[in-house]
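So the chains spell out like this:
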Amino acid sequence: MGSTMIATTGSRRRAAAMLVAVLVMLFAQLFVLGAGPARAHGGPFEGQIAQDGEGGVYVSFAYTEDGHPVEALLVGTVEGRSAAGEVLDPVPLVSASQGSGIWGVPAGTFPEGEWDITVTVTDPVAYETSAPIEIVMAEVVAEDYVAPAAAASDVAPAAEFGSWFAVGLGVAAVAAVLVVGALLFRRSRVSA
């Protein structure tokens, strides 16, 4: 009877060691590997200025270190001076519907022509950039028009796949730990 007790204790130790190893790997994957891109957020960012074809201007903000869009709330303005000397006073930036990290001013803010545009952000960090932009009014042909919602639903973003892959991997690891633990527990009860 003593040898059965030793074997059972050894099996439990092996099962506990395996469980600990799997949990360590799971936590490493979820918290160390999965959090890599988020650590780079915050800090300096850059903006790219473009016009929307309707007299509006938008700015795409991305973190300098990793290129991810700035999802933080921004406080900023856009102002401009035309080649003819017309001055547009600062207009507040508003979050644009085109996606994360994109801010702009409404369509019709700028008349057609050459403009020197200055974007100033005061919060969360101070940032300023300027660029010459030619404002043109685009003509949309009805046959070429694609609704924004239809265009966005055609392709899933690559980053979304990566985050769901990590979640799926984590769920699979937890399921594997539970199955192995149940089998070892059942085996130890049968041998006892």
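One numbering rule holds for all chains: residues counted from 1, following each sequence as written. Reporting of local features is limited, given that this is a predicted model, to residues whose pLDDT is at least 70; pairs of side-chain atoms are given and counted only at 80 or more, and all residues count toward the totals for whole chains, interfaces and linings. By convention in this description, side-chain values take in all heavy atoms of the structure and omit both hydrogens and water.

Things to note about the confidence of the model for the protein chain
Thinking step 1. When pLDDT is averaged across the protein chain, the result is 76; 70% of the residues are at 70 or more.
Thinking step 2. Confidence per residue, as judged by the predictor, is encoded in pLDDT with a range of 0 to 100. Contacts are assigned to residue pairs that have any heavy atoms within 4.5 Å of one another. Low pLDDT, under 50, characterises residues 1-5; the stretch is placed with 1 contact to residues that sit more than four places away or in other chains.
Thinking step 3. Scored below 50 in pLDDT, residues 35-39 shows 4 contacts in the model against residues more than four places distant or in partner chains.

Observations concerning the sheet that holds strand E6 (residues 102-104)
Thinking step 1. Judged by pairing direction, the sheet is antiparallel, and its 4 strands sit side by side in the order E1-E2-E6-E5 without closing on themselves. Of all strands in the sheet, those with a lone pairing partner are strand E1 (45-51) and strand E5 (94-95), marking the two edges.
Thinking step 2. As defined by bridge partners, E1 adjoins strand E2 (residues 57-63) across 7 bridges and the pair is classed as antiparallel. Residue pairing across strands places Glu 46 opposite Ala 62, the latter belonging to E2. Whether two strands pair comes down to DSSP finding at least two bridges between them. Counting from the N terminus, the helices are DSSP H or I runs at least four residues long and the strands are E runs at least two residues long.

Looking at the packing of aromatic side chains
Thinking step 1. Planes of paired rings set the category: under 30 degrees apart is stacked, over 60 is edge-to-face and the rest tilted, where pairs are Phe, Tyr or Trp rings (Trp by its six-membered ring) whose centres lie within 6.5 Å. Evaluated as defined, the whole model comprises 4 aromatic pairs.
Thinking step 2. Ring geometry for Phe 45 versus Phe 61: centroids 5.5 Å apart, planes at 85°, classification edge-to-face. Of this pair, Phe 45 sits in strand E1 while Phe 61 is found in strand E2, placing the two residues 16 residues apart along the sequence.
Thinking step 3. Given the relative accessible area of 5%, Phe 45 is considered buried.
Thinking step 4. By relative accessible area, which is 2% here, Phe 61 ends up buried.
Thinking step 5. Judged by centre distance (5.4 Å) and plane angle (45°), the rings of Phe 45 and Tyr 127 are tilted. With Phe 45 in strand E1 and Tyr 127 in strand E8 (residues 127-135), the pair connects residues that are 82 residues apart, well separated along the chain.
Thinking step 6. In this structure Tyr 127 comes out as buried when scored by relative accessible area, which is 16%. Exposed residues in this analysis have more than 50% of their type's maximum accessible area, buried residues have under 20%, and partly exposed residues fall in between, with area computed by a 1.4 Å probe over protein chains only.

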